[in-house]
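Structure assessment
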Amino acid sequence: MKTNRRQALKPLLAAAGAPLLSMPFAGAANAQSGTPIRVGGTLALTGPLSATAMIHKLTGEIYVEQLNKRGGLLGRPVEWVLKDDQSKPDLARTLYEQLVTVDKVDLLIGPYATANILSAMGVAQRYSKILVHHTFGIPSLAKYDMQFPTWATGPTPETSGPNMVLDALAAGPKPPKTIAIVTSKFPSVHFMSVGARDVAKKRGMQEVLWLEWEFGNRDFGAIASRLKAARPDFIWGGVIALEGMLLLDAMKKIDYAPPTMFHFLPSPGPMIKSPDGNLGLAMTIFEQHEPMMKNAGAVEFAKIFNERAAKASLPDTSVDTQAAASFSAWQIFETAVTTTKSLDDKTLAAWLKKNTVNTIQGPIRFDGVNNYGDDLTKLKQVQNGEWAVVWPKPFAKPGATLNTP
Amino acid sequence: MQMPSLELLGQSLLSGLFIGGLYGLLGLGLSLSWGMLRQINLAHFALAFLGAYLTYQLSEHFKLDPFLTMLIIVPGFFLIGMAMHWMFAKFKVTPFNSLLVTFGLAVIIESLIQWIWSADYRKLESPYSDIKFQVGKLFLPLPELMTLLIAIALSIATWALLRYTHLGKAMRAMSENPKMASAFGINEPMLALLLSGAASAFAGVAGACLALSFTLAPSQIYAWVGVVFSAVMIGGLGNPLGPLVAGIVIGLSEAATMAVTAPAWAPLVSFSLLIAVLLLRPGKV
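Now for a quick tour of the structure.

Right, let's talk about the side chain of Asn41(B) for a bit. One can find Asn41(B) in the loop between helix H1 (6–37) and helix H2 (43–62). Filtering out sequence-adjacent residues up to four positions away, Asn41(B) remains in contact with Leu30(B), Ser33(B), Met84(B) and Thr102(B).

With that settled, the discussion passes to the pattern of salt bridges. Considering all chains together, one arrives at 25 salt bridges over all chains under this definition. As a salt-bridge pair, Glu144(B) and Lys253(A) come within 2.3 Å of each other at their nearest N and O atoms. With Glu144(B) in helix H5 (residues 142–164) and Lys253(A) in helix H8 (residues 243–253), this residue pair bridges two chains. The pair Glu144(B) / Lys253(A) is uniform in exposure class, with both members buried.

Right, let's get into helix H3 (residues 70–90) of chain B. Residues and elements named next belong to chain B. For H3, built from 21 residues, the straight-helix expectation of 30 Å at 1.5 Å per residue is met to within 8% by its first-to-last C-alpha distance of 29 Å. Among all positions in H3, only Met70, Ile73, Phe77, Gly81, Met82, Met84, His85 and Phe88 are buried. Along the axis of H3, the buried residues cluster in a sector spanning 165 degrees; they form a single face. Seen from the buried face of H3, the exposed residues on the opposite side, beyond 90 degrees, are Leu71, Leu79, Trp86 and Lys90. Its buried side turned inward, H3 meets H1, H2, helix H4 (95–117), H5 and helix H8 (188–213). The first or second residue beyond H3 is Lys92, which carries a positive phi of 50 degrees.

On to the sheet that holds strand E5 (residues 131–133) of chain A. All names here are of chain A. Here five strands make up an open sheet; going across it, the order is E3-E2-E4-E5-E6 and the pairing parallel. Only two strands of the sheet have a single neighbouring strand rather than two, namely strand E3 (78–84) and strand E6 (147–149). Here the strands of the sheet are splayed against their neighbours by 25 degrees on average, with no regard to which way each runs. Taken together, the seven bridges between strand E2 (residues 37–43) and E3 define a ladder with parallel strand orientation. When the bridges of E3 are listed, Gly40 appears paired with Val81.

Attention now goes to unusual backbone geometry. For residues that are not glycine, phi is negative in most cases, and the peptide bond is trans in most cases. Residue and element names in this part refer to chain A. Going from Glu290 to Pro291, the amide bond is cis rather than trans, its omega being 5 degrees. Of note, Pro291 is situated in the loop between strand E11 (281–284) and helix H10 (298–311). Of note, the amide linkage connecting Trp391 to Pro392 takes the cis form, showing an omega dihedral of -10 degrees. Take Pro392: it is sitting in the segment after strand E15 (386–391). One non-glycine residue with positive phi stands out, namely Leu74, at about 55 degrees. Mapped onto the fold, Leu74 is located in the loop between helix H2 (50–69) and E3. Classification of Leu74 by relative accessible area gives partly exposed; the value is 31%. Although it is not a glycine, Arg231 adopts a positive phi angle of roughly 50 degrees. Accessibility expressed as a relative area gives 69% for Arg231, which makes it exposed.

Before going further, it helps to examine the environment of Val228(B). Residue and element names in this part refer to chain B. Tracing the backbone through its elements, the reader meets Val228 in helix H9 (residues 225–235). When its relative accessible area of 0% is taken as the criterion, Val228 is described as buried. In sequence terms Val228 and Phe62 are 166 residues apart; their C-alpha atoms lie 31 Å from each other.

With that out of the way, let us pick up the layout of surface pockets. Residues and elements named next belong to chain B. The calculated volume of the largest pocket comes to roughly 410 Å³. Where the lining of the largest pocket is concerned, the elements lending two or more residues are H1, H3, helix H6 (166–176) and H8. Partitioning the lining of the largest pocket into residue classes produces twelve nonpolar, three polar and three charged.

Rules used throughout
- All residue numbers refer to position in the chain's written sequence, counted from 1.
- Each chain takes a letter, starting from A, and each ligand takes a number, starting from 1, following the order in which they are written.
- Where local features are concerned, this predicted model is filtered to residues with pLDDT of at least 70; where side-chain atom pairs are given and counted, the filter is 80 or more; whole-chain, interface and lining totals use all residues.
- To obtain the side-chain values, all non-hydrogen atoms of the structure were included, while hydrogens and water were left out.
- The helix and strand labels rest on DSSP assignments: H or I over at least four residues marks a helix, E over at least two residues marks a strand, and numbering proceeds from the N terminus.
- Only heavy atoms matter for contacts: two residues are in contact if any of them lie within 4.5 Å across the pair.
- Salt bridges are identified by distance alone: a Lys or Arg side-chain nitrogen within 4 Å of an Asp or Glu carboxyl oxygen.
- Throughout this description, buried means an accessible area under 20% of the type-specific maximum (1.4 Å probe, protein chains only), exposed means over 50%, and partly exposed covers the range between.
- In this scheme, a helix's expected span is set at 1.5 Å multiplied by one less than its residue total.
- Arc definition: directions from the helix axis to the C-beta atoms.
- When DSSP finds two or more bridges between two strands, those strands count as paired.
- Fitted lines through C-alpha atoms serve as axes, helices being fitted only where they are in contact, and the angles separating the N-to-C directions of these axes extend from 0 to 180 degrees.
- Only protein atoms enter the 1 Å grid used here, on which a cavity is any set of points holding a 1.4 Å probe that cannot leave and a pocket is any open set flanked by protein within 12 Å on both sides along at least five of seven lines; residues with an atom within 4 Å of a point are listed as lining.
- Grid points are joined across faces, edges and corners, and a volume is the space filled by probe spheres set on the points.
- Under this grouping Gly is polar, as are all residues other than the nonpolar Ala, Val, Leu, Ile, Met, Phe, Trp, Tyr, Cys and Pro and the charged Asp, Glu, Lys and Arg.

What follows is the structure, given as structure tokens:
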């Protein structure tokens, strides 16, 4: 069996207690043999969350393919056992039970979205399996000791996120004095909006409107009219998936050009394609431009992802939060397994708690509250049909600054 | 609770009126097939979305006017509706089983849509998207206005056809007592095929209207089921004007709720109305 340079160095790095490890995305092809290492997980391949979950599917397929090309894990090929949880938390729980008891997978990787991850977490805890997951939105609920979040939002995103957004606006050309918070009752989205409300109050902003709607609302006409009547300087849109576009459409229909507007979880493709999405703000952990393209594995992954996403007819073919979070989860698995040379859940968990892993998002650590580390969230804005990071300044796309309507 | 301004209330009610028209348009075909053919056709929603995606495809990629796409979609869907009814008749699908069979068809159509257009969102940027009329301080967007007018025109035309023409009277007779109607020389199987075709064609029209106003995703098929079912049941099964009137009542009620209180209360409106109608008019639904 051939051994590449990194694998040869691994024992030395491990012996030195390497505090910061990273896995290259491309590497020399390596021979693999033996039974595959099976990584099991579900994604919302159908149902209301499927538009986003397909990004995770594409990312996982690319990662596993490239991982196997460079020798797999521990000299064995890697197989991803993927099931469709249909966007349903109850089904996710059943399928994770199946993955552990019937499919007997070696490792568990998380599903998409908070509620489904919470379901999977319960199963992982029952069987003492490590769970690396990528899009959990309410860190305070992640109590299981061997769960590892790879969406680096920090332990209190409900305050750090809104503060980051409002810091950016305060430093911008038109600092807002009044705020309207309109939000879906989708759990993780609502959680962030409640946090934004508290943060805005503490910062002395005047709240001119607070509205909640049920996830799945179709008619945003009245909500747009209420926003127009409230005349806020800034809109915090607790929107997920289609809701942001529907709200923008409704505003346009009543001839209301919103002020600066933040979209919590927008649909990135339609936002950049629609003229109404211009100057819209959103959070991100990765965008496909400098300086983030210097992060581990970014260039190689972005190239393949762009091609495959175009082939899959995705409206937005660039790597952003979802793909980067998913990619990080696989990077963390690869780093932990190759460094410890183990598939034992407890060994991997113990190693992850003590070490930082260099990922496409940047360095991720798990030694904080509920295994959360730093908040690597940034603020991005639609500018000229593209997403560009505008805050914090060290991560801003070269030449990009926050614009206000 | 703060009272909204007249402008806010008026604009919200207009929005409710427009979405109510769409509820009515979506409910028209469903009501006909449920009330007159005894088929509870859940695939109706999937067909509407298939129509919406076809409108998107024909407009975005073949540069056809979105309204002209109906010239292709409506005949095509008419044939699909006839084929569906032929299948139901051949396999003697009961009303209850039609619910299960059409749910299966809806899932198949959803998968087909996802396979062709992916699960990601599709938004038709049509030349009508930006057109709106202003009446005082109120705005009337053209796509929604057209949807409402189409819903009114189709509902009234269908009602008039069923009420005043020989064909319509034969259809009503077939619906009330197929055996007796056949004894009087009415070609029941052919009329049922025509009715099923028309119901599906209405789904195609509703789909084109959906594409003009909404961002599309395959899973959105099911987002409309509850409220449109309510409109159909409140309006009375087999009554072409019923879903439109009930849809507008629901739309206006939801919009008023959203304008005055928390929008999260709006979904309660349609189902509260349905419960009230079921309690107060038990024999009429």
